[in-house]
Amino acid sequence: MIYLSPIITLVILIFLFSVLFFRKRKIAFMHNGLTYCIPLVLIMIIPYHQLERLLLNTMAGLWPVFSINTIITFIEISLLYIAITSLTRKEKIIDLNLFPIYLLIGLGMGSGHFLRDVILVWYHPLSGYFGYSQFSSFITGFYLAQEVFQALLFVVSAGFIGLGCIRMAKGQSLLGIASLIYAFIIIEIDSIIRVLFQYVPSFSFFASVYVISLLPLLSILGSAFLWYSYRRQERRESELKKDDSETSPTS
Amino acid sequence: MVYEIEVSNDELIYRSFFKIPPNDTPQKDAEFILNREDLSPRLSKKWLQISEGEILLEAQYSEKEVVLTLSSPYGNKKTSFRISQPVYDMEQMFFLLSLNKAINFGNQRFSVLIPASGMIWNGRMQKISEDEDSFEVKYTLAGEIIYLRYQKKEPYRLLTLRAPHRGYDLILEEDM
């Protein structure tokens, strides 16, 4: 049963996502399947743990580890950005209708992250190394919860990158850049918390509340802020459409 | 923290215990057996307490192989891997008797097994200061920095252990 639990968790996650975002949308199975699978495979093939181990073998201390974590977050965000912009190029349109697809790309990357870490712990003969001197030897409920919340952060981050691309394409450069920065910050905050509780003794209490309060709080606040930004963009676009129709000559 | 050292014909056995107030009952922390001749590791055991029970990590060293066993309330895991060069145990560095060896490490890297990770990492010891009686070395392993002060003369006792990132600042006192 313990070996089935990650698969069941992932299926539930995808089902809830489809119910939330693809209820009213016609699902092109092949198209959306590829949109989901490409980022999933992309993040799984990056030798993330090997890279982190290589860097930790040469550097030590709070600031070097902080830099390592920032580099890795930057790589993950760049992958999301590449996946989103290639979709935009393929679709040849960029508007808010694509928003659920952007979230699907984030879910694909989050699922890849989830599967990569779970498979590592599952198949490793002793322990899966998953960053900042943390080791896990068995798949537990807490471990799965942590991985699910981290996958959700990727969904939120992809949403912000998508909004950023839309805003930049519509000439709202400053807002677009701000959205891209939010996308980076949401993943980076999670990494900073993990670095802080490993390297700053006064923050070590974070370790005990990380999965039960910090990660859920970060996911909820991130999702709420993304939803607010999306609605704001929606309003802004409808206002622009209204203005356009009022100013355009009528026959 | 209480350390016990036992010397037999060809082995040195280190045991460490935690004493957590108010009950002061010693709790097992680690046991480490070294070859007395060349200080190579033979057996390392580490106990970790979690809410579900106890985790025991055991590393059995031989000339060409390390066998790692993990027993925990969630189940057991066992693995082994071949080693082609001398490998030190993570616990060994804290009880390194031969300071000559530590000085010889200089800036060189050496292989250290962290049993909890089941992986061999690069360790580095660098002498950062010395006074009449002691040496202080900066020990880096898997992104962590630990400062160790050793006695200059035999038996090269470890005097202090500082891990600023972990909040440790231990002064080791001898209790004969």
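The structure we're discussing is the one just above.
Residues numbered from 1 in each chain as written. Chains lettered and ligands numbered in written order. Predicted model: local features only at pLDDT ≥ 70, side-chain atom pairs only at ≥ 80, totals over all residues. Heavy atoms only, no water.

Q: How do you make sense of the overall build of chain A when you look at a structure like this?
A: Scanning chain A for helices and strands turns up 8 helices and 2 strands. When its helices and strands are written in sequence order, chain A yields α-α-α-α-α-β-β-α-α-α. Taken over 251 residues, chain A has a buried fraction of 49%. Long-range contacts, defined here as pairs at least 24 residues apart, represent 76% of the contacts in chain A between residues at least 6 apart. (Helix = DSSP H or I, 4+ residues; strand = E, 2+ residues; numbered from the N terminus. Buried < 20%, exposed > 50% of the residue type's maximum accessible area, 1.4 Å probe, protein only. Contact = heavy atoms within 4.5 Å.)

Q: Would you mind going over unusual backbone geometry with me for this structure?
A: In terms of backbone geometry, most residues other than glycine have negative phi values and most peptide bonds are trans. Phi angles above zero are rare outside glycine, and Ala142 of chain B is one such case at about 50°. Within the fold, Ala142 of chain B resides in the loop between strand 11 (134-141) and strand 12 (144-151).

Q: I would appreciate a short explanation of the side chain of Asn69 of chain A in the present structure.
A: Residue and element names in this part refer to chain A. Positionally, Asn69 belongs in helix 4 (residues 62-91). You can call Asn69 buried: its relative accessible area is 0%. For Asn69, the side chain forms a polar contact with the main-chain oxygen of Phe66, separated by 2.7 Å. (Polar contact = N/O pair within 3.5 Å; in protein donor to acceptor, adjacent residues only side chain to side chain.)

Q: For this particular structure, what's the right way to read the pattern of salt bridges?
A: When the charged atoms of two side chains lie near each other, side chains of opposite charge can form a pair. Residue and element names in this part refer to chain B. Counted by the stated rule, this structure contains 14 salt bridges over all chains. Between Glu6 and Arg15 there is a salt bridge whose closest N-O contact spans 2.9 Å. Through salt bridges with shared partners, a single network forms among Glu4, Glu6, Arg15 and Glu31. (Salt bridge = Lys/Arg side-chain N within 4 Å of Asp/Glu carboxyl O.)

Q: Would you take a moment to explain the interface of chain B and chain A for this structure?
A: One widely used convention gives an interface's size as the accessible area the parts lose upon coming together. On the side of chain A, 25 residues touch chain B, which itself brings 29 residues to the contact. Counting the contacts that link chain B with chain A gives 0 salt bridges. Counting every contact that joins chain B to chain A gives 5 residue pairs in polar contact (both at pLDDT 80 or more). Every element with two or more residues in the side of chain B that touches chain A is listed here: strand 6 (65-72), strand 7 (75-82), strand 10 (119-130) and strand 12 of chain B.

Q: Is there a simple way to explain the packing of helix 7 (residues 173-199) of chain A against helix 8 (residues 206-247) of chain A in this structure?
A: Any two packed helices are characterised by the angle at which their axes cross and by the distance between the axes. Residue and element names in this part refer to chain A. The contact between helix 7 and helix 8 brings their axes to 11 Å, and the two run at 175°. As summarised for this structure, helix 7 and helix 8 are arranged roughly antiparallel, according to the angle between their axes. Across the interface between the two elements, Leu175, Tyr182, Ile186, Ile189, Asp190, Ile193, Arg194, Leu196 and Phe197 from helix 7 touch Phe206, Ala207, Tyr210, Leu214, Leu215, Leu218, Gly222, Phe225 and Arg236 from helix 8. When the residues that make up the contact of helix 7 with helix 8 are grouped by side-chain class, the tally is 14 nonpolar, 1 polar and 3 charged. (Axes fitted to C-alpha atoms, helices over the stretch in contact; angles between N-to-C directions. Parallel < 35°, antiparallel > 145°, perpendicular 65-115°, else oblique. Nonpolar A, V, L, I, M, F, W, Y, C, P; charged D, E, K, R; others polar.)

Q: Hey, could you run me through the packing of aromatic side chains in this one?
A: Aromatic rings considered in pairs are described by the distance between their centres and by the relative angle of their planes. Residue and element names in this part refer to chain A. Counted according to the given criterion, the structure contains 11 aromatic pairs over all chains. Between Trp63 and Phe66, the aromatic rings sit 5.5 Å apart at their centres with planes inclined by 80°, giving edge-to-face as the arrangement. In this pair, Trp63 and Phe66 both sit in helix 4, 3 residues apart, roughly one turn of the helix. Accessibility expressed as a relative area gives 60% for Trp63, which makes it exposed. Residue class for Phe66 comes out partly exposed when judged on its relative accessible area of 26%. (Phe/Tyr/Trp six-rings, centres within 6.5 Å; stacked < 30°, edge-to-face > 60°.)

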